[in-house]
Amino acid sequence: MAFFLIKGTFHVKGYSPDGDSIRFRARNPDNLKKLSGPAAELNARGHAQLRVEGVDALETHYQGYHQPMKLARAACRYLLSYLGIDEVVWDESQSRVIKAQDETEGYILARSTEANRRPVAFVFAGGIEHRDGSEVILDESILKRSLNYGLIARGLAYPTYYNGLFSDLRLPLTRAMASARSEGRGIWPCDLTTKGFFVPSLEPLTENVVILPKLFRRLVDYMGDGGMMDGFRAHLQARCEPLVRVSQVHFTRLDAVVDVKGDRVRLIESPENLIFLDKVLCKKS
């Protein structure tokens, strides 16, 4: 599939990067205008926040909460290492980078932006011979050189797919995930997403319960500071998040694949078998 090649630099100083969160400054900002969707949002430094396609790493900071930090930080360390960002100094809370040898060269392959105006990107370190702003066919051999693939293959992120990701790119990511899971890399020995976990409060989710970050975020959104599990399914129904169950080629919603019994929660379908839809296609009853 053809993607726009956009060269630039990666930045972490003054930001809070995690395993799938990085700022990018395009060498030629006009190239970002080639992406479909809303105009990419740039801050005063000309930096865009990227959505790293196909992956979701454990949260190091979300609404004041985090997932188990050992694994979350392992993903962040890999991202920094992959991009060649050295001498990183964090603030006292370990949440914000105050010094780093960043501005490292690299490029993204992207076709679109999403609703939050972030370029949806495959991320690469270093150089490439193709002309900046040109179209590049992204095949499996190129995919395997990306940050996205590296995170999945090392078990440092969950596969999290949206409808813009073609099957010929989704399937190699799924195979890499399956290998990481079978060999017990990274998150997989600890993963409880489909096995089930108890949520008497948010504390277990921050300390020792490793689950799909999207599900973690929905639990934080609902429970907040001390909320209880009663009504979580109704909360998901009200959000109306459509998805496709790949195995059944069936359109449904997130609430239909989340099982809640008392304080016990589990996803009834493995994350790699779900494709989330960016646009709300379902109707609220």
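Residues numbered from 1 in each chain as written. Predicted model: local features only at pLDDT ≥ 70, side-chain atom pairs only at ≥ 80, totals over all residues. Heavy atoms only, no water.

S.K.: For this particular structure, what's the right way to read the packing of aromatic side chains?
M.R.: Remark: the centre distance and the inter-plane angle together describe each pair of aromatic rings, the angle taken between the planes. Counted according to the given criterion, the structure contains seven aromatic pairs. On the basis of an interplanar angle of 40° and a centroid distance of 6.1 Å, the ring pair of Tyr78 and Tyr82 is categorised as tilted. Residue Tyr78 and its partner Tyr82 are both found in helix H1 (residues 69-82); the two are separated by four residues, about one turn of the helix. Residues Tyr78 and Tyr82 agree in their burial class; the two are buried. Looking at Arg111, its charged tip hangs above the ring of Phe3, at a distance of 5.9 Å from the centre. (Phe/Tyr/Trp six-rings, centres within 6.5 Å; stacked < 30°, edge-to-face > 60°. Helix = DSSP H or I, 4+ residues; strand = E, 2+ residues; numbered from the N terminus. Buried < 20%, exposed > 50% of the residue type's maximum accessible area, 1.4 Å probe, protein only. Lys NZ or Arg CZ within 6 Å of the ring centre and 35° of its normal.)

S.K.: What am I meant to see in the sheet that holds strand E17 (residues 264-267) here?
M.R.: Pairing between the strands of a sheet is mediated by backbone hydrogen bonds and can be parallel or antiparallel. What the three strands build is an open sheet, ordered E13-E17-E16; its pairing is antiparallel. Edge positions in the open sheet fall to strand E13 (197-198) and strand E16 (258-261), since each of these has one partner strand only. Summarising the sheet, E16 and E17 pair through four bridges and their orientation is antiparallel. Note on E17: the bridge partner recorded for Val260 is Val265. (Pairing = 2+ DSSP bridges.)

S.K.: I tried to follow the packing of helix H6 (residues 213-223) against helix H7 (residues 232-239) on my own but got confused; where do I start?
M.R.: A pair of packed helices is captured by two measures, namely the crossing angle of their axes and the spacing between those axes. At their nearest, the axes of H6 and H7 sit 10 Å apart, and the two run at 105° to each other. In this view, H6 runs roughly perpendicular relative to H7, as classed from their interaxial angle. Taking contact as the criterion, the partners of Leu215, Arg218, Leu219, Asp221 and Tyr222 in H6 are, on H7, Phe232, His235, Leu236 and Arg239. When grouped by side-chain class, the residues that make up the contact of H6 with H7 number five nonpolar, one polar and three charged. (Axes fitted to C-alpha atoms, helices over the stretch in contact; angles between N-to-C directions. Parallel < 35°, antiparallel > 145°, perpendicular 65-115°, else oblique. Contact = heavy atoms within 4.5 Å. Nonpolar A, V, L, I, M, F, W, Y, C, P; charged D, E, K, R; others polar.)

S.K.: Is there a simple way to think about H1 in this case?
M.R.: Because an α-helix packs 3.6 residues into every turn, residues spaced three or four apart end up facing the same way. End to end, H1 covers 20 Å across 14 residues, agreeing with the expected 20 Å (1.5 Å per residue, within 8%). Buried within H1 are the following residues: Met69, Leu71, Ala72, Ala74, Ala75, Cys76, Tyr78, Leu79, Leu80 and Tyr82. Of the residues trailing H1, Gly84 is marked for its positive phi of about 75°. (Expected span 1.5 Å × (residues − 1).)

S.K.: How should I be thinking about the environment of Asp91 in this particular structure?
M.R.: Here Asp91 is to be found in the loop between strand E6 (86-90) and strand E7 (97-101). Considered as a pair, Asp91 and Ala40 are 51 residues apart in the sequence and their alpha carbons are 29 Å apart. Residues contacting Asp91, with those up to four places away along its chain left out, are Arg96 and Ile98. Looking at Asp91, its side chain comes within polar contact range of the main-chain nitrogen of Ser95, at 3.0 Å. (Polar contact = N/O pair within 3.5 Å; in protein donor to acceptor, adjacent residues only side chain to side chain.)

S.K.: Whenever I open this one, the pattern of salt bridges confuses me. Can you help?
M.R.: Any two side chains of opposite charge can pair, so long as their charged atoms come close to each other. Counted by the stated rule, this structure contains 19 salt bridges. Glu59 is the partner of Arg217 in a salt bridge, and the nearest nitrogen-oxygen pair spans 2.7 Å. Placement of Arg217 in helix H6 and of Glu59 in the loop between strand E5 (55-56) and H1 is noted, with a sequence separation of 158 residues between them. (Salt bridge = Lys/Arg side-chain N within 4 Å of Asp/Glu carboxyl O.)

S.K.: In this structure, what is going on with the state of the cysteines? I would like to understand it.
M.R.: Between two cysteines, a covalent bond joining their sulfur atoms is known as a disulfide. Under the criterion given, the structure shown has zero disulfides. A disulfide-free cysteine, Cys190 has its sulfur positioned 18 Å from the sulfur of Cys76, the nearest such atom. Taking relative accessible area as the criterion, Cys190 reaches 38% and is therefore assigned partly exposed. (Disulfide = S-S within 2.5 Å.)

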